[in-house]
Amino acid sequence: MTAEQLIVTLDGPAGVGKTTLARQVAQRLGLAWLDTGAMFRSLALRLGPGADTLPENILRASCAQWQFSLSGVGADTVLSCNGTPIGNEIRTEGVALLASRIATLPVVRQCLLQAQQEMGRRFPLVAEGRDMGTVVFPTARFKFFLDASPEVRARRRLHDLASRGEQADLQTLAEQIRQRDELDRNRPVAPLRPAPDALLLDTSELDIPGVLQRLLEHIRAKGGPMPLP
Ligand code: DC
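On a predicted model such as this, the values are computed, not experimentally measured, just so you know. (Residues numbered from 1 in each chain as written. Predicted model: local features only at pLDDT ≥ 70, side-chain atom pairs only at ≥ 80, totals over all residues. Heavy atoms only, no water.)

J.: Can you walk me through the overall build of the protein in this structure?
T.: From N to C terminus, the protein includes nine helices and eight strands. Taken over C-alpha atoms, the radius of gyration comes to 17 Å for the protein, in line with the 17 Å a tight globule of 229 residues would show. Taking the principal axes of the C-alpha coordinates as reference, the protein spans close to 50 × 40 × 35 Å. Looking at the protein residue by residue over its 229 residues, the buried ones come to 46%. Taking as baseline every contact in the protein between residues at least 6 positions apart, the subset at least 24 positions apart corresponds to 76%. Total accessible area on the protein stands at roughly 10,900 Å², and carbon and sulfur atoms take up 54% of it. Side-chain charges of the protein comprise 27 positive and 25 negative groups, with the mean position of each set lying 3 Å from the other. (Helix = DSSP H or I, 4+ residues; strand = E, 2+ residues; numbered from the N terminus. Rg over C-alpha atoms; globule rule 2.2 N^0.38 Å. Buried < 20%, exposed > 50% of the residue type's maximum accessible area, 1.4 Å probe, protein only. Contact = heavy atoms within 4.5 Å. Areas by Shrake-Rupley, 256 points an atom, 1.4 Å probe, with all protein chains shown as cover. Lys, Arg positive; Asp, Glu negative; His and termini not counted. Charge placed at Lys NZ, Arg CZ, Asp CG, Glu CD.)

So, in structure tokens, the structure goes:
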């Protein structure tokens, strides 16, 4: 099986559990894990507030200064930007909202699209994001689209933040998720939507192990690799 065939795509809205699941699927299948949201977040953090209002030529030149690379596999995969591993500094709702804003700009998407496709040529991967199955890896064999109600997603975010010792308010989180959903679903370029050949999974009533099981079973049934214990 070539690297091109062994790509699992996991798309869905904010707070649906993609990052946790993508990391676990990658771990069980021994593949690298590509968190493309982390690439948009990283650029947002580095370009700073107002990045979404910069002239296109400045933005193109700024984006070109940041190179992304992957090393390792499974849960130990490390995504770096200009050689520095990306960490929890990108995991704030402020950075997420700016990421969502710059992600509406074709010049930013084009720059990251090339980096993402290059990684897909080099490594078998589990790639998570918004447009993995539709635009970045349209020929991937294993495609999933995860969804859950906005309330469930806001609660999950609250729980994630609490597990990192951070306080947040459910109403505020729900509003931030609503804003990002709107930007991500309604942009003209690469909007959030399921690929026609993706398996749709509503995870509102399922926990992470339940969803993981469904994903691994589907991959196996379609002739993919046997999961590691
Ligand atoms: O997956 P995430 O919440 O870390 O993503 C942050 C933002 O980045 C998201 O709101 C929209 C943007 N994004 C995107 O437009 N396309 C992707 N493939 C991944 C993320």
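J.: Is there a simple way to think about the packing of aromatic side chains in this case?
T.: Both the distance between ring centres and the angle between the ring planes are used here to describe each pair of aromatic rings. The full count for this structure, using the stated rule, is zero aromatic pairs. When the ring centre of W66 is taken as reference, the NZ or CZ atom of R46 above it lies at 5.4 Å. (Phe/Tyr/Trp six-rings, centres within 6.5 Å; stacked < 30°, edge-to-face > 60°. Lys NZ or Arg CZ within 6 Å of the ring centre and 35° of its normal.)

J.: Which parts of the structure should I look at to understand the sheet that holds strand β7 (residues 142-147)?
T.: Hydrogen bonds between backbone atoms are what pair the strands of a sheet, whose relative direction is either parallel or antiparallel. Here we have five strands laid out as an open sheet, ordered β2-β6-β1-β7-β8, and parallel in their pairing. Looking along the sheet, the strands with just one partner apiece sit at the ends: β2 (32-35) and β8 (199-202). Pairwise comparison of adjacent strand axes, ignoring direction, gives a mean angle of 20° for this sheet. Alignment of β7 against β8, held across four bridges, turns out to be parallel. Paired with D147 across the two strands is D202, which belongs to β8. This element, helix α1 (residues 18-29), spans β1 (7-11), β2, β6 (125-129) and β7 of the sheet and lies at about 175° to β6. (Pairing = 2+ DSSP bridges. Axes fitted to C-alpha atoms, helices over the stretch in contact; angles between N-to-C directions.)

J.: I would appreciate a short explanation of helix α7 (residues 150-163) in the present structure.
T.: Residue pairs spaced three or four apart in an α-helix point in one direction, given the helix's 3.6 residues per turn. Between its first and last C-alpha, α7 extends 20 Å over 14 residues, near the 20 Å set by a 1.5 Å rise per residue. All buried positions along α7 are accounted for by R153, A154, R157 and L161. For α7, the angular spread of buried residues about the axis comes to 100°, placing them on one side. Residues E151, R155, H159 and S163 are exposed on α7 and point more than 90 degrees away from its buried face. (Expected span 1.5 Å × (residues − 1). Arc of directions from axis to C-beta.)

J.: Help me understand the site of the ligand, please; the structure alone is not making it clear to me.
T.: Taken together, 16 residues sit near the ligand, with R41, R109, R130, D184 and R187 positioned nearest. Note that an oxygen atom of the ligand is positioned 2.6 Å from one of the side-chain N or O atoms of R41. The separation between an oxygen atom of the ligand and a polar side-chain atom of R130 is 2.8 Å. Within the complex, the protein chains bury 98% of what would otherwise be the 450 Å² of accessible surface of the ligand. Under a 2 Å grid-point criterion requiring more than half of the atoms, the pocket assigned to the ligand is the largest pocket. (Near = heavy atom within 4 Å. Polar contact = N/O pair within 3.5 Å; in protein donor to acceptor, adjacent residues only side chain to side chain. 1 Å grid on protein atoms, 1.4 Å probe; cavity = no way out; pocket = protein on both sides within 12 Å on 5 of 7 lines; lining within 4 Å. Sits in = over half its atoms within 2 Å of the grid points.)

J.: Help me understand the packing of α1 against helix α9 (residues 208-221) in this model?
T.: For any two helices packed against each other, the geometry comes down to the angle between their axes and how far apart the axes lie. Where α1 meets α9, the axes come as close as 10 Å, and the angle between the chain directions of the two elements is 50°. Accordingly, the angle class assigned to the pair α1 and α9 is oblique. Relative to α9, α1 is oriented so that their crossing is right-handed. Contacts from T20, L21, Q24, V25, R28 and L29 of α1 reach α9 at I208, V211, L212, L215, L216 and I219. (Parallel < 35°, antiparallel > 145°, perpendicular 65-115°, else oblique. Left-handed = near helix turned anticlockwise from the far one by under 90°.)

J.: So what exactly am I meant to see when it comes to the nonpolar core here?
T.: Within soluble globular proteins, side chains that are nonpolar tend to cluster in buried spots. In this structure, F68, L79 and V108 are the most contacted members of the largest nonpolar core, which totals 36 residues. Core analysis: the next-biggest nonpolar cluster, separate from the first, contains 22 residues, A22, L29, L31 and A148 among them. (Core = buried A, V, L, I, M, F, W, Y, C linked by side-chain atoms within 4.5 Å.)

J.: Would you take a moment to explain the layout of surface pockets for this structure?
T.: Gaps left between atoms show up when a probe the size of a water molecule is rolled over them. Considering only enclosed or pocket space, the largest pocket measures out at about 1,100 Å³ in volume. Contributing to the lining of the largest pocket are 48 residues, with T19, D35, R41, R91 and R157 lying nearest its centre. Where the lining of the largest pocket is concerned, the elements lending two or more residues are α1, β2, α2 (36-47), β4 (78-81), α4 (93-102), β6, α7 and α8 (170-186). Considering only residue class, the lining of the largest pocket consists of 15 nonpolar, 14 polar and 19 charged. Taken together, 14 residues form the lining of the second largest pocket, with W66, Q67, F68, A115 and E118 sitting closest to its centre. If you list the elements that add at least two residues to the lining of the second largest pocket, you get α3 (56-64), β3 (68-71) and α5 (106-122). With six residues, α5 is the largest single contributor of residues to the lining of the second largest pocket. Split by residue class, the lining of the second largest pocket holds 10 nonpolar, two polar and two charged. (Points joined across faces, edges and corners; volume = space filled by probe spheres on them. Nonpolar A, V, L, I, M, F, W, Y, C, P; charged D, E, K, R; others polar.)

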